[in-house]
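# Structural overview
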Amino acid sequence: MKLAIMQPYLFPYIGYFQLMHAVDRFVVYDDVNYIKQGWVNRNRILVGGAPHLFTMPLSEVSAFTHIDQLSLHGTAYPKWRDKFISTLRQAYARAPFRGPVLGLVETVLPAGTTPLREVLLSGLQQVQTYIGASTVLIPTSRSFGNGQLHGADRVLDLCKREGAGTYVNAIGGKALYDKAAFKANGIDLCFLRTRPIEYAQGRHNFVPNLSILDVMMWNPPEQIGAWLGEYDLE
């Protein structure tokens, strides 16, 4: 059984969904510290041919606040939601799949405030359904109770609890995890490297690694599903 573990992100880039696709079960690491300026509640779309950063406003974040303890900001979030959806409508006015993607975004982003973890998990699930993927998602905050462990020790514990024979990590984890240490625990460790993916973005020059929303706006679900396999394991 293949397992991957990753913090939940808001409409992440396609490489995140490739990691989900590469495994049988995907642990959503949501009871760890929220890091400001990370990708948990923000990402990039294409506006006027240039990357545009969007950030979903959260309730006050203090030091060592876990992702699953956060909620959307009571006053700033509703205004941001309306503005963000309006920006999507205008920026992707000529995109062929604008209608269904806007509908998905409106479903994922609630009209009122709600726990952040629910919004992020809904986003991952809704995108999976849209592109025809079906990996099992397991939030750590609801399933394991092993928050006293950290780093590789916790990852190994999660692998053992899930009965994983292989742990797949994003390529950025090469500097964090040692294959020999995993092998000593009976687990194969490999790293996923995304192959270059390019598609037409209307009249603009191609900008890579944007939110999955950009990919979905310009491409049919079947094509996106095929791209999920465009990676190499090292």
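My aim in this report is to walk through the structure given alongside it, one point at a time. It should be emphasised that the depicted structure is a prediction, and the values quoted were computed from it without experimental measurement.

## Focus: empty space enclosed by the protein
If a probe as big as a water molecule is rolled over the atoms, it shows which places are left empty. Applying the stated criterion across every chain yields a total of one cavity of 30 Å³ or more. Its volume calculated, the largest cavity comes out at about 30 Å³. Lining the largest cavity, in full, are Pro 8, Val 28, Asp 30, Arg 117, Leu 120, Leu 121, Pro 139 and Arg 142.

## Some details on the nonpolar core
Counting residues in each nonpolar core, the largest one holds 82 residues, and the members touching the most others are Phe 26 and Leu 109. It is helix α4 (residues 116–131) that provides the largest number of residues to this core, a total of eight residues. Filtering out sequence-adjacent residues up to four positions away, Leu 109 remains in contact with Leu 10, Met 56, Tyr 77, Trp 80, Arg 81, Phe 84 and Val 119.

## Focus: helix α2 (residues 76–91)
Its 16 residues place the ends of α2 22 Å apart at the C-alpha level, agreeing with the 22 Å of an ideal helix rising 1.5 Å per residue. Contacts from the buried residues of α2 go to β3 (42–47), β4 (50–55), α3 (98–108) and α7 (212–218).

## Examining the pattern of salt bridges
In this structure the tally under the stated criterion is nine salt bridges. The partner of Arg 154 in a salt bridge is Asp 31, and the shortest N-O contact between them spans 2.8 Å. On the criterion of sequence distance, the pair formed by Arg 154 in helix α5 (residues 151–162) and Asp 31 in the loop between β2 (25–28) and β3 is long-range, its members being 123 residues apart. The pair Arg 154 / Asp 31 is uniform in exposure class, with both members buried. We note a salt bridge from Glu 230 to Arg 195, for which the minimum N-O separation is 3.4 Å. Here Arg 195 lies in the loop between β7 (188–194) and α7 and Glu 230 lies in the loop between α8 (221–227) and β8 (231–233), a separation of 35 residues in the sequence. Classification of Glu 230 by relative accessible area gives partly exposed; the value is 29%. With relative accessibility at 31%, the residue Arg 195 sits in the partly exposed group. Counted as one network, the salt bridges with shared partners bring together Lys 174, Arg 193 and Glu 234.

## Here's the deal with the pairing of β4
With six bridges joining them, β3 and β4 adopt antiparallel strand pairing. Residue pairing for β4: Leu 46 is matched across the bridge by Pro 51. Connecting the antiparallel pair β3 and β4 is a turn made up of two residues, with Gly 48 showing a positive phi of about 60°.

## Focus: the packing of aromatic side chains
Scanning all chains against the criterion turns up twelve aromatic pairs. On the basis of an interplanar angle of 55° and a centroid distance of 5.5 Å, the ring pair of Tyr 16 and Phe 26 is categorised as tilted. Of this pair, Tyr 16 sits in helix α1 (residues 14–21) while Phe 26 sits in strand β2; the two residues are ten residues apart in sequence, bridging distant segments of the chain. Note on accessibility: Tyr 16 and Phe 26 belong to one class, buried. Through pairs of rings, three or more aromatic residues link up here, namely Tyr 9, Tyr 16, Phe 17 and Phe 26.

What counts and how
Residues numbered from 1 in each chain as written. Predicted model: local features only at pLDDT ≥ 70, side-chain atom pairs only at ≥ 80, totals over all residues. Heavy atoms only, no water. 1 Å grid on protein atoms, 1.4 Å probe; cavity = no way out; pocket = protein on both sides within 12 Å on 5 of 7 lines; lining within 4 Å. Points joined across faces, edges and corners; volume = space filled by probe spheres on them. Core = buried A, V, L, I, M, F, W, Y, C linked by side-chain atoms within 4.5 Å. Buried < 20%, exposed > 50% of the residue type's maximum accessible area, 1.4 Å probe, protein only. Helix = DSSP H or I, 4+ residues; strand = E, 2+ residues; numbered from the N terminus. Contact = heavy atoms within 4.5 Å. Expected span 1.5 Å × (residues − 1). Salt bridge = Lys/Arg side-chain N within 4 Å of Asp/Glu carboxyl O. Pairing = 2+ DSSP bridges. Phe/Tyr/Trp six-rings, centres within 6.5 Å; stacked < 30°, edge-to-face > 60°.

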